[in-house]
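As a plain string of letters, each chain reads:
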Amino acid sequence: MASKESHLTATLLTSILGVVLGPLQIGYHTGNVNAPAKIIEEFFNGTWKARHNQSMTDHSLTLLWSLSVSMKDFGALVGSLGVKYLADSYGRRNSILIANCLSVAAACIMFASKASESFEVLILGRMVFGLFCGLVMSLNPLYIQEVSPTNLRGAFATLNQVSLASGTLIGMVAGLEITLGTKSNWAMMLSLSLIPALTQYLVLPFCPESPRYLLINQGEEKKAEAALLRLRGHAEKVSCELEEMKEEAAHTQTGVTIRDFFQKRSYRQPILLILFINVGSQLSGFNAIINYSTKMFQAKFDEAKYLTLGVGAVNVTFTLVAFFFMERAGRRKLLLIGFLSIGVCNLLMTIVDSVLHLVPELRSLQVLLVFCVVSAYEVGPGPISWFIAAELFDQPGRPIAMAFTSMINWGGKFAIALLFPPLLKICGAYVYLIFMAVALLAFTFMWLRLPETKGRKFDDIAEEFRGAEGIPLYNSSGFNTFT
């Protein structure tokens, strides 16, 4: 019992809570543009009219709104390219602090958009914030995985998603007309992410750097030992874990280039896994619901904004479910359950949406299915897609793997944010069949190939892939199981 208790120290908890302030900001700016969409669109139209003495066409306004929503995701896609350089050059913790500057700058730019009467400034602010998103959603899991003990690694990594979902709900509440989603206050609402951004600067500098980075990347054994002692609190834990790191360092090459990453045979299987997990996660319908739920509900319900708030509440609830089950059920089982459930829900949404004009009473069932998609996503694919790469790769390949994860995730979000409105107009209810196909494809690949990583040391997992530089992990006896 004492052994387990020694794993959770005040320093470790502070470090985790300090870094998850980043995803809180990202969630906030994901949720706060949903409800006040009409008000901000009026600002776009008013700005255009003041310049050109005519209103924008509905088509142009829809396109501009889709661009402003998706610009955060495009910026994140670009920001992902800097993950390896920052993580390897400045360390995990310091890189998060550097990236946080972008969030502060973005909040100030977005706040200035109304005063400057320029929708371009708002779009620029969202793009700068996107750069922050692309960096932080890779750097955070990297830091959390490397400072956490093995038995808490998955649960702590899930806190990233809990924070993201909580920020989304807070953003949804802030965007309501009864709070800050009004013509006079929407610009101030966009700047409130400054609060967690500045709080992070008060907390994170006092937290230790990743011991793995210090030992394996920098060769600083004394500093790594000191950081571990602060994180674990017991000398016997430190010596044992330090030996594990040294053993891992002996098995890994000092550096991996991007070319090496994609050419190395032992990386091919993990690359395919994170590709399918992340594409499946982002293109299975969840992002369409989060970005456009208010518009989806508006045609059928008078109080669509409050139903969207329900989506946010379900989102938070099931990230907490994932947090408590991550180390009990394991990554593989939660992913399989999540993808299968999403596929079934998308099929049912297609059927319900197709007959809704004949049986209007089914609109409540549609809302229930939306809630089910959100819950299925957050139980498995949502949190796991962001951190699984850190478990499947060794220390040299981990930063590139996390950057690759971030690029796929944000690329998928960008595509959905930009393409879902026109796809919905073209395909109608059948758009959900596309999401269903993606989810079931991901489920099939996970069933055949995905190993369980719960409770395994980083070097144990890497050793399985490394074996003979070509023996895939799923062939190992007893490894490709639910147990």
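Calculation criteria
- Residues numbered from 1 in each chain as written.
- Predicted model: local features only at pLDDT ≥ 70, side-chain atom pairs only at ≥ 80, totals over all residues.
- Heavy atoms only, no water.
- Helix = DSSP H or I, 4+ residues; strand = E, 2+ residues; numbered from the N terminus.
- Buried < 20%, exposed > 50% of the residue type's maximum accessible area, 1.4 Å probe, protein only.
- Contact = heavy atoms within 4.5 Å.
- Areas by Shrake-Rupley, 256 points an atom, 1.4 Å probe, with all protein chains shown as cover.
- Axes fitted to C-alpha atoms, helices over the stretch in contact; angles between N-to-C directions.
- Parallel < 35°, antiparallel > 145°, perpendicular 65-115°, else oblique.
- Nonpolar A, V, L, I, M, F, W, Y, C, P; charged D, E, K, R; others polar.
- Salt bridge = Lys/Arg side-chain N within 4 Å of Asp/Glu carboxyl O.
- Core = buried A, V, L, I, M, F, W, Y, C linked by side-chain atoms within 4.5 Å.
- pLDDT = per-residue confidence, 0-100.
- Phe/Tyr/Trp six-rings, centres within 6.5 Å; stacked < 30°, edge-to-face > 60°.
- Lys NZ or Arg CZ within 6 Å of the ring centre and 35° of its normal.
- Left-handed = near helix turned anticlockwise from the far one by under 90°.
- Patch = residues over 30% accessible without salt bridge, like charges linked within 9 Å, V, L, I, M, F, W, Y side chains within 5 Å.
- Disulfide = S-S within 2.5 Å.

Looking now at the overall build of the chain. The secondary structure content of the chain amounts to 24 helices and 0 strands. Counting only C-alpha atoms and orienting by the principal axes, one finds that the chain spans roughly 70 × 45 × 45 Å. For the chain, buried positions account for 57% of its 483 residues. Of the contacts made within the chain by residues no fewer than 6 positions apart, 82% connect residues no fewer than 24 positions apart. When the accessible surface of the chain is split by element, carbon and sulfur atoms take 66% of a total near 18,700 Å².

This brings us to the packing of helix 2 (residues 10–19) against helix 3 (residues 21–31). Contact geometry of helix 2 with helix 3 gives a least axis separation of 4 Å together with a crossing angle of 25°. When the axis of helix 2 is compared with that of helix 3, the two are roughly parallel. When helix 2 is examined against helix 3, the residues Leu17, Gly18 and Val19 are found in contact with a partner set consisting of Leu21, Gly22 and Pro23. Residue composition of the contact of helix 2 with helix 3, by class: 4 nonpolar, 2 polar and no charged.

Moving on: the pattern of salt bridges. A full pass over the atoms with the stated rule returns 15 salt bridges. Residues Arg92 and Glu146 are paired through a salt bridge, measuring 3.0 Å at the closest nitrogen-oxygen approach. Of the two residues, Arg92 sits in helix 7 (residues 92–115) while Glu146 sits in helix 8 (residues 119–147), which places them 54 residues apart along the sequence. Here Arg92 matches Glu146 in class, with each residue buried. Taking the shortest distance from any N to any O, the salt bridge between Arg331 and Glu327 comes out at 3.3 Å. The class for Glu327 is buried, based on a relative accessible area of 19%. Salt bridges linked by common partners bring Lys84, Asp88, Arg92, Glu146, Arg212, Glu248 and Arg398 together as one network.

In this section: the nonpolar core. If you look at the biggest cluster of nonpolar residues, it comprises 96 residues, and the most contacted ones within it are Ile26, Phe44, Phe393 and Met446. Among all residues touching Phe44, those that are not within four sequence positions of it are Met56, Leu61, Leu64, Trp65, Ser68, Phe119 and Leu122.

The residue Phe318 is located in helix 18 (residues 304–329) in this model. Through-space distance from the C-alpha of Phe318 to that of Val162 is 8.6 Å; in sequence the pair is 156 residues apart. Once you skip the residues sitting within four places of it in the chain, Phe318 turns out to touch Ser375, Glu378 and Val379.

On to the confidence of the model for the chain, then. Confidence in the prediction of the chain, expressed as mean pLDDT, is 88, and 91% of residues score 70 or more. Within the chain, the lowest mean pLDDT, 42, falls on helix 1 (residues 2–5), and the highest, 97, falls on helix 11 (residues 194–203). Here residues 1–6 scores under 50 on pLDDT; set against residues more than four positions off or in separate chains, the count is 4 contacts.

Per the stated rule, a full pass over the model turns up 19 aromatic pairs. Their ring planes at 85° and their centres at 5.0 Å tell us that Phe261 and Phe262 sit as a pair that is edge-to-face. Here Phe286 and Tyr377 contribute two aromatic rings whose centre-to-centre distance is 3.8 Å and whose plane-to-plane angle is 5°, an arrangement assigned as stacked. Here the residue Phe286 occupies a position in helix 17 (residues 286–298), and Tyr377 occupies one in helix 20 (residues 363–379), the gap between them amounting to 91 residues. Here Tyr377 falls in the buried class, since its relative accessible area comes to 1%. Three or more aromatic residues link up through ring pairs in this structure, and these residues are Phe43, Phe44, Trp65, Phe119 and Trp186. Here the basic side chain of Arg51 rests over the ring of Phe119, its NZ or CZ set 5.1 Å away from the ring centre. It is Arg332 that lies over the ring of Trp447; its NZ or CZ is 5.8 Å from the centre.

Helix 14 (residues 235–251) packs onto helix 13 (residues 221–232) with a crossing angle of 135° between their chain directions and a minimal axis gap of 9 Å. Taken together, the axis directions place helix 13 and helix 14 in an arrangement best described as oblique. The element helix 13 and its partner helix 14 pack so that their crossing is right-handed. Between helix 13 and helix 14, the residues in contact are Glu221, Ala224, Glu225, Leu228, Leu229 and Arg232 and Ala235, Lys237, Val238, Glu241, Leu242, Met245 and Lys246, respectively. Partitioned by chemical class, the residues of the contact of helix 13 with helix 14 number 7 nonpolar, no polar and 6 charged.

Let us look at a nonpolar patch on the surface. A grouping of Leu340, Val344, Leu347, Leu348, Ile351 and Leu440 is seen on the molecular surface, where their side chains present a nonpolar patch of about 460 Å² in accessible area. Among the elements that make up the nonpolar patch, the one with the highest residue count is helix 19 (residues 331–355) (5 residues).

On inspection of all chains with the given rule, the structure shows 0 disulfides. As a non-bridged cysteine, Cys133 has Cys101 as the owner of its nearest cysteine sulfur, 15 Å distant. On the basis of relative accessible area, Cys133 is assigned to the buried category, the value being 0%. Cysteine Cys372 remains unbridged, with the sulfur of Cys345 as its closest cysteine sulfur at 4.7 Å.

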